[in-house]
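Structural description and commentary
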Amino acid sequence: MKQYDHKKIEKKWPDSAKATTGKQVEYNHKKIEKKWQEKWQQDNLYQTSDFSSKPKCFVLDMFPYPSGEGLHVGHPKGYIATDVYSRMKTMQGFNVLHPMGFDAFGLPAENYALKNKIHPRVAVEKNIARYKKQLEMIGFNYDWDREINTTDPEYYKWTQWIFLQMFKKGLAYESFAPINWCPSCQTGLANEDLEDGRCERCSSEIEKRPMRQWVLKITDYADRLLQDLDLLDWPKHIKESQKNWIGRSEGALIKFPLIDSFKYEVEVFTTRPDTIFGATFLAVSPELAKTWFLMNWEASVEVKDYIDQTLKDRAKQTLKDNPEKTGINSGLLAKNPASGENIPVWITNYVLGDVGTGAIMAVPAHDDRDFEFATKYNLKVQEVVIPNRIDITNPPVAGKKSVVRSNVHAIVRNSITGKILCLNWLKHPWVTFPMGGVEEGEDIESAARREVLEETGYKNLKLIKILGGQVRAEYFAAHKDENRIAFTQAVMFDLENEDRDEVKTEESEAHEVIWLEREKIKYPYIAHSELNDWLSRWDDDKKVFIGEGVLVNSGQFNDLNSVEAQEKIVEFVGGKKTTTYKLKDWVFSRQRYWGEPIPIIHCVKCGVVPVPEKDLPVKLPEVEHYEPTGTGESPLANITDWVNTTCPVCGGEAKRETNTMPQWAGSSWYYLRYMDPKNKQTLVDPLKEKYWAPVDVYVGGTEHATRHLIYARFWHKFLYDIGVVSTLEPFARIGKSLGLILGEDGKKMSKRFGNVVNPDEVVALYGADTLRVYEMFMGPFDGEISWSTDSMIGSRRFLEKVWRLQSKIDINNQADNAEVLVLVHQTIKKVGEDIESFSFNTAISSLMILVNKLETLDKINLEIYQILLKILAPFAPHVTEEIWQNNNFGQESITLSSWPSFDGDKLSSDEITIIIQINGKLREKIVVGKDLPDGELLSKVKTLPKVQTALEGKVIEKEIVVKNRLVNFVIV
RNA sequence: GCCCGGGUGGCGGAAUUGGUAUACGCGCACGACUUAAAAUCGUGUCUCGCAAGGGAUGCGGGUUCGAUUCCCGCCCCGGGCACCA
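Throughout this document, residue positions are counted from 1 along each chain, in the order its sequence is written. Lettering for chains starts from A, numbering for ligands starts from 1, and both go in the order in which the items are written. Whole-chain, interface and lining totals are the exception, using all residues; otherwise, since this is a predicted model, local features are given only for residues with pLDDT of at least 70 and side-chain atom pairs are given and counted only at 80 or more. Only heavy atoms go into the side-chain values, all of them from the structure, while hydrogens and water stay out.

A short note on the overall build of chain A
The condition that has to hold: A run of DSSP states H or I qualifies as a helix once it reaches four residues; a run of E qualifies as a strand once it reaches two. Both are numbered from the N-terminal end. Only protein chains enter the area calculation, which uses a 1.4 Å probe; residues under 20% of their type maximum are buried, those over 50% are exposed, and those in between are partly exposed. In this analysis, two residues are considered to be in contact whenever any of their non-hydrogen atoms come within 4.5 Å of each other. We get accessible surface area from the Shrake-Rupley algorithm with a probe of 1.4 Å; when it comes to residues, only the shown protein chains can shield them. Neither His nor the chain termini are counted; the positive set is Lys and Arg, and the negative set is Asp and Glu. To locate a charge, take atom NZ for lysine, CZ for arginine, CG for aspartate or CD for glutamate.
When its secondary structure is counted, chain A shows 28 helices and 43 strands. In terms of overall dimensions, chain A has a C-alpha envelope of 110 × 110 × 55 Å along the principal axes. Expressed as a percentage of its 972 residues, the buried residues of chain A come to 52%. Residue pairs at least 24 apart in sequence account for 74% of intrachain contacts in chain A once pairs closer than 6 positions are excluded. In the form shown here, chain A has an accessible surface area of approximately 44,700 Å², with 49% of it arising from carbon and sulfur atoms. In chain A, 125 positive and 139 negative side-chain charges are present, and the distance between their average locations comes to 4 Å.

Right under this line is the structure:
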């Protein structure tokens with residue numbers, strides 16, 4: 001394959017290229033881009049003013065975490081998108097806020113500093129400077145006066161302030177429960193920081209460690225976080241992730257009293273109260289069982305040992321493991337509040353202490369895990385819900401009497417041919433298995449054998465298996481003129497030999513015996529609506545029915561639909577409808593140096609005391625050593641000057657809290673600070689907040705779907721509750737999530753794979769405008785796409801074409817080319833709509849189509865060329881600015897010009913191409929005037945030679961005309 | 001296992017209130033310019049067929065005058081959750 005020689009391309013744009021009057025100047029991005037970037041800066045072109053008569057638009061990027069490696073070409077993709085979007089919005093007359101800042105606290109920065117033996121503060125400053133330089137090269141329209149940095153004490157003062165407000169409301173609390181501990185990062189982590197039971201940063205296996213932690217009560221907001229997703233214009237998959245993460249499940253709390261001298265009621269949480277009659281034992285977590293010791297439960301030694309051992313194993317086991325289910329009979333009996341039966345209480349490792357109530361009612365017939373356990377320990381399995389099928393080909397007929405029957409289906413297989421024995425009914429359009437009613441006192445297998453013998457004469461059958469429990473079905477039995485409600489079981493046999501008795505005449509007159517291939521055995525060809533149930537049980541022995549159905553063996557609730565029965569049963573057993581969540585409170589302290597100090601003081605006398613607001617910020621002390629201690633204490637604990645303080649309440653001896661906040665603290669509210677970045681009195685001025693909030697468009701990667709985006713929503717809702725912000729949600733819209741740019745090899749761009757492409761090189765080679773156009777054109781914004789420096793040439797060629805069109809401008813050209821005019825209006829419309837919907841790739845494609853068209857003309861109307869420049873400007877601000885100003889198209893920057901509008905009447909031309917189809921196949925095209933009446937169109941079309949040949953000697957059954965689009969002749 | 005999203009040329013991809021499938025770009029081939037090459041410009045580029053015409057949007061059915069688009073059943077890929085009761 002031929003490779004472009006980039007060095008040679010570069011020679012084409014030497015730095016020395018000079019403008020010559022009257023002559024075409026070469027497009028030299030090196031000269032143009034730097035010049036305009038400096039000029040824009042000088043003119044404060046991108047300074048945003050608070051308040052304006054214009055409508056506001058807040059466009060936000062997820063701010064970067066400045067790593068030591070600098071930017072690769074994947075990073076700017078999202079920034080380019082918001083830049084394009086915000087530039088268009090500015091031209092459309094909005095007062096746009098498009099800020100940038102840096103999120104720099106946390107482990108990556110600290111680890112980088114440790115590795116390179118420089119102080120994190122110094123490292124962060126250096127990295128930020130590098131990032132800013134790289135960003136500036138691409139020509140973004142940020143208002144750098146509003147830059148923020150989460151590690152700036154003037155910023156984190158307010159992060160600490162929010163924490164204090166939460167503390168005051170009881171939403172920040174100390175916990176001593178076991179938490180996730182990363183032995184490599186030497187810190188506790190939140191649930192959100194894990195990936196498959198490993199540390200999301202370093203992939204170490206996580207241990208459970210009991211230790212003192214600050215925790216934020218995000219669970220108080222679980223329901224609102226879930227509900228208010230409906231208010232958001234976000235991509236489906238992000239909402240979906242949040243939904244899954246919050247993990248709401250509705251069910252009921254039901255009490256099972258113990259029948260024992262140990263008086264206690266075991267409360268269980270279940271999502272399936274309808275199955276309670278099938279609850280044949282209770283399964284209790286060892287964590288819960290252990291608490292019973294405190295209530296004077298006299299357990300046997302074996303039981304105590306089991307509990308201790310299981311708890312020990314659990315501490316060691318990684319979160320991902322699904323160990324073999326074990327358990328022990330506690331010796332206790334509980335009363336099933338629905339059936340009244342006494343059922344055993346088992347202590348098991350498959351019930352978790354921190355989910356629900358730590359105990360479940362086990363329904364082995366309708367839950368895979370309970371079934372597995374019951375099978376292992378030989379516990380009773382009681383079926384209480386069965387599938388309910390209505391025969392759609394033979395539905396019950398209204399007004400006919402209904403008969404309830406107990407039925408059997410016999411599935412007989414010829415063990416040599418594999419074919420299945422069926423009956424072809426002679427007076428009805430049915431094919432069925434041998435079948436019939438089960439007689440009083442008859443077992444299911446005998447009934448099946450009897451039916452096979454009576455109906456087909458075969459007598460030597462070997463039982464293979466009974467296909468699970470009953471299935472309820474409703475159908476109309478035409479041969480008996482009655483509706484049936486049949487409770488049916490199926491029995492499978494192998495035919496041992498062909499020995500066969502004579503069958504009665506009435507049977508042989510009703511149906512003939514046929515043998516069918518297994519592939520033929522499908523509903524509705526086989527007229528049993530239960531068939532799919534049989535088929536799914538056919539090869540699969542373990543069959544637990546977890547679906548919706550009809551209740552059986554459930555006393556007064558029999559025959560009820562299982563979903564409808566839920567509420568009634570909860571009421572019957574005195575249970576309580578309730579809701580649980582997977583979301584856990586946010587473990588908020590880290591035992592590391594580089595984070596916001598938690599503004600709390602521990603006083604010997606007064607206990608936990610918040611730092612008074614006037615003393616904020618609690619600054620991170622300057623230290624020599626900031627390595628993690630590994631003891632579960634933060635490195636700050638060793639800085640005695642800093643740690644030792646006086647209690648703000650009693651003035652006595654006190655120590656500062658030494659844990660720091662997690663990386664996600666600063667980013668949970670940063671968008672608010674952009675509205676008012678320098679305010680010393682308050683987090684954000686309420687008037688400014690009211691003006692700018694909410695963020696109109698937010699852009700960033702999917703990896704933040706369940707952390708940053710949940711945390712920020714949580715903090716925002718809290719700030720709403722205490723009156724700091726005025727909107728329910730922080731980010732109204734996430735247009736599309738940002739798809740990664742992979743390396744040319746299809747792998748994630750990383751130093752490790754040696755596939756990193758640096759934007760500096762690419763900008764030097766092709767220019768920032770080409771980079772911007774290319775990244776937007778590569779593919780759909782939310783798609784994951786491999787980088788290709790070779791493919792960039794297309795975007796460069798496009799900009800060069802635009803550049804060359806300058807020579808064709810003709811002020812006297814009257815723009816009377818109707819075709820071009822239509823295209824221009826279509827392009828204005830499409831580019832505007834596509835940028836709005838983040839479909840940048842198709843916006844550029846339509847710009848290319850316009851440019852290709854203009855290139856075919858000898859002269860270009862000035863106005864049309866200006867329109868082209870304007871709608872291209874958001875993508876390629878430098879080159880369009882250069883052309884704009886060089887030709888004196890305006891006194892000011894093209895950025896300050898207004899977005900062109902399109903004329904709805906000019907979106908289609910007066911001449912329309914109509915396609916002509918014969919039987920739906922394209923046969924001919926014709927150009928006619930717009931809105932030509934159907935009759936005229938048809939007669940015109942029929943004169944076309946191709947149409948005439950096609951229609952010759954044929955009868956036209958139908959003529960379909962779709963206005964301004966097509967004619968279709970249906971012929972025989 | 002449950003829940004989302006997706007499958008279209010050699011490649012990135014376009015087109016869905018059902019109406020010309022493969023826009024735009026890359027690549028490739030040929031041609032023009034050039035001593036030559038690069039760049040640039042032009043032409044061609046789903047597939048079978050000389051043509052007429054046929055076939056193709058993961059697979060199999062269905063609805064329709066007409067299906068990439070809607071319905072049913074599968075297969076595969078990506079993602080979220082997961083002993084969550």
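What about the sheet that holds strand E29 (residues 576–580)?
The criterion, for reference: When DSSP finds two or more bridges between two strands, those strands count as paired. Working convention: axes come from line fits to C-alpha atoms, limited for helices to the stretch in contact. Angles between N-to-C directions cover 0 to 180 degrees.
Spatial strand order, E13-E12-E29: three strands in an open sheet with antiparallel pairing. Strands with a single pairing partner mark the edges of an open sheet, and in this sheet they are strand E13 (265–270) and E29. Looking at each pair of strands side by side, their axes are set apart by 35° on average, direction ignored. Looking at chain direction, strand E12 (residues 249–257) and E13 are connected through six bridges and run antiparallel.

Notes on the sheet that holds strand E35 (residues 697–699)
Paired through backbone hydrogen bonds, the strands of a sheet run either parallel or antiparallel to each other. Spatial strand order, E2-E1-E35: three strands in an open sheet with parallel pairing. At either margin of the open sheet sits one strand with a lone partner, and together these are strand E2 (95–97) and E35. Between one strand axis and the next, the sheet turns through 15° on average, direction left out of account. Here three bridges tie strand E1 (residues 56–61) to E35, and the two strands are oriented parallel to one another. From the neighbouring strand, Asp61 faces E35, where its bridge partner is Val699.

Quick look at helix H20 (residues 759–766)
The condition is simple: Directions are taken from the helix axis to each C-beta atom, and the arc is the one they span. The definition of a polar contact used here is a pair of N or O atoms within 3.5 Å, where within protein one atom must be able to donate a hydrogen and the other to accept one, and adjacent residues in sequence count solely through side-chain atom pairs.
Here H20 has its buried residues at Pro759, Val762, Val763, Leu765 and Tyr766. Seen end-on, H20 carries its buried residues on one side only, within an arc spanning 165°. Backbone nitrogen of Asp760 and a side-chain oxygen of the N-cap are separated by 2.7 Å at the start of H20; the cap is Asn758. Two residues or fewer after H20 comes Gly767, characterised by a positive phi angle close to 100°.

Examining the packing of helix H2 (residues 29–42) against helix H26 (residues 877–886)
The test is simple: Angle categories are assigned with fixed cut-offs, so that under 35 degrees is roughly parallel, over 145 is roughly antiparallel, 65 to 115 is roughly perpendicular, and the rest are oblique.
Between H2 and H26, the least distance of the axes is 9 Å, while the angle of their chain directions is 85°. What the angle tells us is that H2 and H26 run roughly perpendicular. Here Ile32, Glu33, Lys35, Trp36, Gln37 and Trp40 of H2 lie close against H26, whose contacting residues are Pro877, His878, Val879, Glu881, Glu882 and Gln885.

Some words on the pairing of strand E26 (residues 482–495)
Most of E26 sits out of view: 14 of its 14 residues are buried. Both faces of E26 are covered, namely the face carrying Glu482, Arg484, Ala486, Thr488, Ala490, Met492 and Asp494 and the face carrying Asn483, Ile485, Phe487, Gln489, Val491, Phe493 and Leu495. Pairing of strand E20 (residues 402–414) with E26, which is carried by 13 bridges, proceeds in the parallel orientation. Residue pairing in the sheet places His409 in a bridge with Ala490 of E26. Bridge analysis of strand E24 (residues 461–466) against E26 gives five bridges, and the strand direction is antiparallel. Following the sheet pairing, Leu461 is matched in E26 by Leu495.

Remarks on the environment of Glu287
Locating Glu287 in the fold gives a position in helix H9 (residues 286–293). The partly exposed category is assigned to Glu287, whose relative accessible area is 29%. Separated by 61 residues in the primary sequence, Glu287 and Thr348 have C-alpha atoms spaced 9.9 Å apart. The residues contacting Glu287, other than those within four sequence positions of it, are Leu311, Arg314, Val351, Leu352 and Gly353.

Some points on the confidence of the model for chain A
The criterion, for reference: Across the chain, each position has a pLDDT score giving the predictor's confidence in that residue, from 0 to 100.
Averaged over every residue, the pLDDT of chain A is 89; residues scoring 70 or more account for 96%. Element-level mean pLDDT values for chain A span from 42 in helix H1 (residues 6–11) up to 98 in helix H17 (residues 670–673).

Focus on the side chain of Ser737
Mapped onto the elements, Ser737 comes out in the loop between helix H19 (708–721) and strand E36 (741–742). A polar contact is formed between the side chain of Ser737 and the side chain of His237, at a distance of 3.3 Å. The contact partners of Ser737, leaving out residues within four places of it in the chain, are Pro235, His237, Ile238, Gly700, Thr702, Phe781 and Asp782.

A look at the environment of Ile254
By the secondary structure assignment, Ile254 is in strand E12. In sequence terms Ile254 and Thr270 are 16 residues apart; their C-alpha atoms lie 7.8 Å from each other. Discounting chain neighbours no more than four positions away, the residues touching Ile254 are Val266, Glu267, Val268, Thr270, Pro273, Ile276, Pro337, Val573 and Gly575.

With respect to the pattern of salt bridges
To keep it simple, the criterion reads: Should a side-chain nitrogen of Lys or Arg be within 4 Å of a carboxyl oxygen of Asp or Glu, the pair is scored as a salt bridge.
Applying the stated criterion across every chain, the model contains 60 salt bridges. Close ionic contact of Arg796 with Glu800 constitutes a salt bridge, the shortest N to O distance being 2.8 Å. Of this pair, Arg796 and Glu800 are both found in helix H22 (residues 792–804), four residues apart, which corresponds to roughly one turn of the helix. Each member of the salt-bridge network shares a partner with another, and the members are Asp50, Asp143, Arg146, Asp676 and Lys688.

A short note on the state of the cysteines
Keep this limit in mind: Any pair of cysteine sulfurs within 2.5 Å is marked as a disulfide.
Applying the stated rule across the entire model yields zero disulfides. Its sulfur unpaired, Cys603 is 3.6 Å from the next cysteine sulfur, which belongs to Cys650. Classification of Cys603 as buried rests on a relative accessible area of 7%. As a non-bridged cysteine, Cys647 has Cys603 as the owner of its nearest cysteine sulfur, 3.6 Å distant.

Structural notes on the packing of aromatic side chains
Rule in force here: Any Phe, Tyr or Trp ring, taking Trp's six-membered ring, that has another such ring centre within 6.5 Å forms a pair; planes under 30 degrees apart are called stacked, those over 60 apart edge-to-face, and the others tilted. We call a charge positioned above a ring when the Lys NZ or Arg CZ atom is no farther than 6 Å from the ring centre and deviates by at most 35 degrees from the ring normal.
As enumerated under the stated definition, the model contains 52 aromatic pairs in all. When the ring of Phe163 is compared with that of Trp214, the centres are 5.7 Å apart and the planes differ by 75°; the resulting orientation is edge-to-face. In this pair, Phe163 is assigned in helix H6 (residues 153–168) and Trp214 in strand E11 (residues 213–216), connecting sequence segments 51 residues apart. Both residues of the pair, Phe163 and Trp214, belong to the buried class. Residues Trp586 and Phe588 carry aromatic rings whose centres are separated by 4.9 Å and whose planes lie at 90° to one another, so their mutual orientation is edge-to-face. Taken together through their ring pairs, the aromatic side chains of Phe163, Phe167, Trp214, Tyr221, Trp586, Phe588, Tyr711, Phe714 and Trp715 make up a single cluster. Its guanidinium or amino end placed over the ring of Trp40, Arg87 lies 5.4 Å from that ring's centre, counting from NZ or CZ.

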